[in-house]
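Structural overview
This is what each chain is made of:
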Amino acid sequence: MDKQNGPAGEGVPAVKIVELSKRYQWRTRELHLSPGGIRSFVEGKQQETVALDKVSFSVEHGEVFGLLGPNGSGKTTLIKILSNLVIPDSGSVFVDGINLAKRPYAAATKLQTVLSESIGLEKRLTARQNLMLFAGLYNLPKLEAEERIDKLFEYFGLSEVADKTSQSFSTGMSRKLSVARVLLSDSSTIVFDEPTSGLDPAAADSFRQLIMGDLVERNGKTIIMATHNLHEARTMCTRIALLSRGRLLAIGSPEEITMAVGEGIDVALTVADAPGPMEDLKGGLSGVDGVTAVDISDTLGGKRISLHGRKDMGYLDIFSAVSAKGLKVLSVETSSPSLEEAFLRLTREEGQ
């Protein structure tokens, strides 16, 4: 039992992350040219990257929890800390109430990771040899391991290739073998790093069904998945943590994340093409009360004027400005912000 988080069991999160921070430091190398023309490299300035900055959140049992963010947001570092591949500078991770830093082997029985490049599989071994190797690490008796491995091969449709080396496997087959390896441990929480990265559309859809249908619904697993795929985040995740530059920007359901951009609205006007620059119209629309963003782009046979702002923006002033320009409005569309737009706006604001 870890006193900081109490005993594992009812009411204890599947994963609890407390004030997690990680920084990477390095020195640049600069080219030096001597008077004699000899080139050499010398150490430059000390550099630092903040990968995680006091990140805290909990994942409940049975959740499909998404880690969403642009490149360099800290997702991979967080996954590696959960996998015990990277040690944080400060903060704590609890898996079913077990302190990962103090009891890593006990935590590993509760949480396993499937990395995007199938790290952990020995490509020179057959699929069966790979799973037998891990069964030994999980202390499974030989006969029980053989029986479970055969069932997993049948379950994932890998029986015909069980005795082929994994280096001959497609990306999708390697990903399935990685999941089979995780299921051998009977861990309750599975962490995926970009689960459908590198898969063709059909294989990606099949793998999403495997996660949602087999792992979550049938086996009751808790899933944590780092993804760039906004469609996956929107359709699969019960909650999402949005990271940017190592900081936690927002956390909640996809709908709550979308609402985080405010009670705004998007208005798109398609107008007949007109000669002359549109910068004066863009400037005029930007000054309309309630309008916070304006974009004008080319579309088939005309222009598309996209506006974002408050729901009570000055619509009459907008149409007056368009009419004064001599433009004919062909269509008008309105919509609330999507998860994609919320993601872009929140991360854009963080970078400013």
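About the criteria used
- Residues numbered from 1 in each chain as written.
- Predicted model: local features only at pLDDT ≥ 70, side-chain atom pairs only at ≥ 80, totals over all residues.
- Heavy atoms only, no water.
- pLDDT = per-residue confidence, 0-100.
- Contact = heavy atoms within 4.5 Å.
- Pairing = 2+ DSSP bridges.
- Helix = DSSP H or I, 4+ residues; strand = E, 2+ residues; numbered from the N terminus.
- Axes fitted to C-alpha atoms, helices over the stretch in contact; angles between N-to-C directions.
- Buried < 20%, exposed > 50% of the residue type's maximum accessible area, 1.4 Å probe, protein only.
- Salt bridge = Lys/Arg side-chain N within 4 Å of Asp/Glu carboxyl O.
- Phe/Tyr/Trp six-rings, centres within 6.5 Å; stacked < 30°, edge-to-face > 60°.
- Lys NZ or Arg CZ within 6 Å of the ring centre and 35° of its normal.
- Parallel < 35°, antiparallel > 145°, perpendicular 65-115°, else oblique.
- Left-handed = near helix turned anticlockwise from the far one by under 90°.
- Nonpolar A, V, L, I, M, F, W, Y, C, P; charged D, E, K, R; others polar.
- Patch = residues over 30% accessible without salt bridge, like charges linked within 9 Å, V, L, I, M, F, W, Y side chains within 5 Å.
- Areas by Shrake-Rupley, 256 points an atom, 1.4 Å probe, with all protein chains shown as cover.

Here we look at the confidence of the model for the protein chain
Averaged over every residue, the pLDDT of the protein chain is 86; the share at 70 or more is 92%. Low pLDDT (under 50) marks residues 1-8, which in the prediction has 18 contacts with non-local residues, meaning those over four places away or in another chain.

Here we look at the sheet that holds strand S13 (residues 302-310)
Strand order in the open sheet formed by 4 strands is S12-S13-S11-S14, with antiparallel pairing between adjacent strands. In the strand order of this sheet, the two ends are held by strand S12 (291-299) and strand S14 (329-335), each with one partner. Here the average twist between neighbouring strands, direction ignored, is 15 degrees. As paired strands, S12 and S13 are joined by 8 bridges and run antiparallel to one another. The residue of S13 that forms the bridge with Ile 296 is Ile 305. Contacts from helix H9 (residues 279-286) reach S12 and S13, with the element oriented near 155 degrees to S12.

Observations regarding unusual backbone geometry
Unlike most non-glycine residues, Glu 19 shows phi in positive territory, near 50 degrees. For Glu 19, a relative accessible area of 39% corresponds to the partly exposed category. You will see that Lys 54, though not glycine, has its phi angle at about 50 degrees, which is positive. Here Lys 54 lies in strand S2 (residues 39-59). Using a relative accessible area of 55% as the deciding quantity, one classes Lys 54 as exposed.

Description of the sheet that holds strand S8 (residues 222-227)
Spatially, the 6 strands line up as an open sheet ordered S6-S7-S8-S3-S9-S10, and their pairing is mixed. In this open sheet, the two strands that pair with only one neighbour each are strand S6 (111-114) and strand S10 (247-252). Within this sheet the neighbouring strands show an average axis-to-axis angle of 15 degrees, counted without direction. Looking at chain direction, strand S9 (residues 239-244) and S10 are connected through 5 bridges and run antiparallel. Opposite Ser 244, over in S10, you have Arg 247 as the bridge partner. The strands that helix H6 (residues 201-218) touches are strand S3 (64-68), strand S7 (189-193) and S8; relative to S7, the one it contacts most, it runs at about 170 degrees.

Observations regarding the pattern of salt bridges
Inspection of the entire model under this criterion finds 18 salt bridges. Note that Lys 221 and Asp 186 form a salt bridge whose closest N and O atoms lie 3.9 Å from each other. Separated by 35 residues along the polypeptide, Lys 221 in the loop between H6 and S8 and Asp 186 in the loop between helix H5 (171-184) and S7 bring together distant segments of the chain. For Lys 221, a relative accessible area of 7% puts it in the buried group. Linking Lys 325 and Asp 280 is a salt bridge whose minimum nitrogen-to-oxygen distance equals 3.2 Å. With Lys 325 in the loop between helix H10 (315-324) and S14 and Asp 280 in helix H9, this residue pair connects regions lying 45 residues apart in the sequence.

A look at the packing of aromatic side chains
A complete count under the given rule lists 4 aromatic pairs for this structure. Ring geometry for Phe 57 and Phe 65: centres 5.0 Å apart, planes at 15 degrees, overall stacked. Between Phe 134 and Tyr 138, the ring centres sit 6.2 Å apart and the planes meet at 40 degrees, which makes this aromatic pair tilted. Tyr 138 sits in the partly exposed class, given a relative accessible area of 22%. The ring of Phe 134 is capped by Arg 181, whose NZ or CZ atom sits 5.2 Å from the centre of that ring.

A closer look at the packing of H5 against H6
Running from N to C, H5 and H6 cross one another at 20 degrees; their axes reach a closest spacing of 11 Å. When the interaxial angle is binned, H5 and H6 end up roughly parallel. The two elements H5 and H6 cross, and the hand of that crossing is right-handed. Note on element contacts: H6 touches H5 through Phe 207, Leu 210 and Leu 215, opposite Arg 175, Lys 176, Val 179 and Leu 183. Split into classes, the residues belonging to the contact of H5 with H6 amount to 5 nonpolar, no polar and 2 charged.

Concerning a nonpolar patch on the surface
On the surface, Tyr 315, Phe 319, Val 329 and Val 332 cluster together into a nonpolar patch covering about 290 Å² of accessible area. Listed by contribution, the elements that provide at least two residues to the nonpolar patch are H10 and S14. Among the structural elements, Val 329 can be located in strand S14.

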